[in-house]
Amino acid sequence: MADYSIHVLEYARTLNYPKAGLVYGAFDEEPVTMPYCYVLLRGHGHVALVDVGYSHKGHGQHLAEKYNIVNWRSPRVVLAECGIRPEDVDTVFVTHAHFDHFGNVEDFPNATFYIQREEVERWHSTLSLPDRMRWMTASLDPASILNALELSMTGRMKLIEGALEDVIPGIDLHLARDSHTYGSMWVSVRNDGTEASKDVWILAGDLVNQFDNIERDGSLIDVETMYNPGAQTVGSFTNIILAIEEMMKLVDYDSRRIIPVHEGRLFDRFPSRTSKEGLQIAEVVLADTMSSIVD
Amino acid sequence: MTQMDGCSPQRLHQIDCKALTAPERVGGPGSPDAHEALMRYISLVEPAYQSLSALIGQTALVLLLSPGQPHDWLQTDNVTRNLAWAVLRDATAQLRDLSVPEAATHHHWILQQVTQSINEILTQLGDGPVQHNSEPTTSHQNLTRNLRNAHDMLQSVAIPSVGLTTFDFTQACCSCNFHKPVLADHALI
């Protein structure tokens, strides 16, 4: 029995991305194609997204030109592959305030957004620091904050304080303080609807960028696999590792159940197809009531 | 138009409103000397531009966090308040002291409007506590709208080709593939 369908939807990608940007220490490894994705959850009468990507309005086109980001498509186009319109989305979980996760807010007029209060509060103090510390505000777009503010004016922005269960049935939110960002959030889906679920899926945001963050070869220290954090963090690598361990406990150490959104091999691991726009769609799990969209 | 909530009428206009008496944009720099003057201006205006961008983000965060909070950050958090005003004063002074080539008069004028807008918004935030009910007030909404206008103005004079953007791309998570920007010969700012 599965309550939710979970699909990972690629909306853009960048080519020849240094692996060391996603896996700390991977300096000698081949560059990778890095997808940009958001995750679609459908079930219990809800259409929810984990993150919303970024928009090509404003800076977006510049990003494409300067960072080799290719094949960006709007949410309308991407979601249409699943028979969904942006207006159908009623809930958005924002894992963190980086531009490629929180940039496309205006495209979802009917959604309520959830983000950790700590994520927002800590950016406030960081923005007031001198220019020589500007590294700490990397990837944070003031326009995203303005978007959040405007959402709050209509009651559509919910600031979460720590862990929260059953935001919508079976979906829980978790805080990973001082990790990838100050208030990064990850999402767990108890897909059998039980409290002590044996069917949990984790949407990790950027706490886990690639499989190597969880399944890194550990032969050097005589273990099969080990955790290896991603390179970009304004918090601590320790907290990323601890968050990964918390996720793994929930999935009974089945790493396959932790879903990274910047991992191109995700589309080999799960049933997938390529859309007519050349973007990939992975079907992580299908709810009992739904038909496959990748077959 | 009458004044509302302490904002001058000009602050309520959108960036593209014809009521704003912005200097006309002129053609590209033309001569090498003019090009050099323009590049110098862009280099020198960058700190003020980035400061204004950060201030907009900061102020938006204050407004986002304020409903339900029991205090006004600008009155009780002296360090943060003073920093914000100091940043704004520095940015204002930098803009005032800049040598502005003809090709940049429109750009410079817009930035000055942005500083004035932020000045008024911060002044209003400092006049007393933002309403602390669970629902946003008219004052809150007006401040939000004015902040959005200020951001749109700032973004309207972004020059991505030389890295002058409201969003710092140079340290973004995809910046490993960053290409160093250059100003096109015929760039119109």
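Refer to the preceding data block for the structure.
Computed from a prediction, not measured in an experiment: that's the story for all the values here. (Residues numbered from 1 in each chain as written. Chains lettered and ligands numbered in written order. Predicted model: local features only at pLDDT ≥ 70, side-chain atom pairs only at ≥ 80, totals over all residues. Heavy atoms only, no water.)

**Comments concerning the packing of helix H4 (residues 117-127) of chain A against helix H1 (residues 32-65) of chain B**
Filter applied, for reference: A fitted line through C-alpha atoms represents every axis, and for helices the fit uses only the stretch in contact; the resulting angles, taken between N-to-C directions, go from 0 to 180 degrees. Numbering of helices and strands runs from the N terminus, with a helix taken as a DSSP run of H or I at least four residues long and a strand as a DSSP run of E at least two residues long. Roughly parallel here means an angle under 35 degrees, roughly antiparallel means over 145, roughly perpendicular means 65 to 115, and every remaining angle is called oblique. Rotating anticlockwise by less than a right angle from the far helix to the near helix defines a left-handed crossing, while the corresponding clockwise rotation defines a right-handed one. In what follows, residue pairs with any heavy atoms lying within 4.5 Å of each other are defined as contacts. The residue classification treats Ala, Val, Leu, Ile, Met, Phe, Trp, Tyr, Cys and Pro as nonpolar and Asp, Glu, Lys and Arg as charged. All others, Gly included, are polar.
The interhelical angle for the contact between H4(A) and H1(B), taken along N-to-C directions, is 140°, at an axis separation of 9 Å. If you check the angle between H4(A) and H1(B), you find them oblique. Both H4(A) and H1(B) take part in a crossing whose hand is left-handed. Contact residues: Arg117(A), Val120(A), Glu121(A), Trp123(A), His124(A) and Leu127(A) in H4(A); Ala54(B), Gly57(B), Gln58(B), Leu61(B), Val62(B), Leu64(B) and Leu65(B) in H1(B). Of the residues contributing to the contact of H4(A) with H1(B), the split by class is 8 nonpolar, 3 polar and 2 charged.

**Structural notes on the packing of aromatic side chains**
All names here are of chain A. Keep this limit in mind: Each aromatic pair joins two rings of Phe, Tyr and Trp (for Trp, the six-membered one) with centres within 6.5 Å, and gets the label stacked for planes under 30 degrees apart, edge-to-face for over 60, and tilted for any other angle. A 1.4 Å probe rolled over the protein chains alone gives each residue an accessible area, and that area as a share of the maximum for its type sets the label: buried under 20%, exposed over 50%, partly exposed in between. By definition here, charges over rings are those cases where NZ of Lys or CZ of Arg is within 6 Å of the ring centre and within 35 degrees of the ring normal.
Counting across every chain of the model gives 10 aromatic pairs over all chains. Pairing Tyr11 with Tyr38 gives two aromatic rings, centres 5.0 Å apart and planes at 10°, and the pair type is stacked. Taken together, the residues span a long stretch of sequence, with Tyr11 in strand S1 (residues 5-17) and Tyr38 in strand S2 (residues 32-43) at a distance of 27 residues. Taken as a pair, Tyr11 and Tyr38 share a single burial class, namely buried. With a centroid separation of 6.2 Å and 80° between ring planes, the pair formed by Tyr36 and Tyr54 is classed as edge-to-face. Taken together, the positions of Tyr36 in strand S2 and Tyr54 in the loop between strand S3 (46-50) and helix H1 (60-67) put the pair 18 residues apart, joining distant regions of the chain. In this structure, Tyr36 and Tyr54 share a single accessibility class: buried. Of the aromatic side chains, those joined through ring pairs into one cluster are Tyr11, Tyr36, Tyr38, Tyr54, Trp72 and Phe99. Between Arg257 and the ring centre of Trp201, over which it is positioned, the NZ or CZ distance is 4.5 Å. The side chain of Arg269 reaches across the aromatic face of Phe211, ending 3.6 Å from its centre.

**Some words on the pairing of strand S9 (residues 171-177) of chain A**
Residue and element names in this part refer to chain A. In plain terms, the rule: Paired strands are those between which DSSP finds at least two bridges.
Most of S9 sits out of view: 6 of its 7 residues are buried. Alignment of strand S8 (residues 164-168) against S9, held across 2 bridges, turns out to be antiparallel. Across the sheet, Leu164 pairs through a bridge with Leu173, a residue of S9. Hairpin geometry of S8 and S9 is characterised by an intervening segment of 2 residues between the two adjacent antiparallel strands and by a positive phi of about 80° at Gly170. Here 7 bridges tie S9 to strand S10 (residues 183-190), and the two strands are oriented antiparallel to one another.

The values are spatial; any link to function lies outside them.
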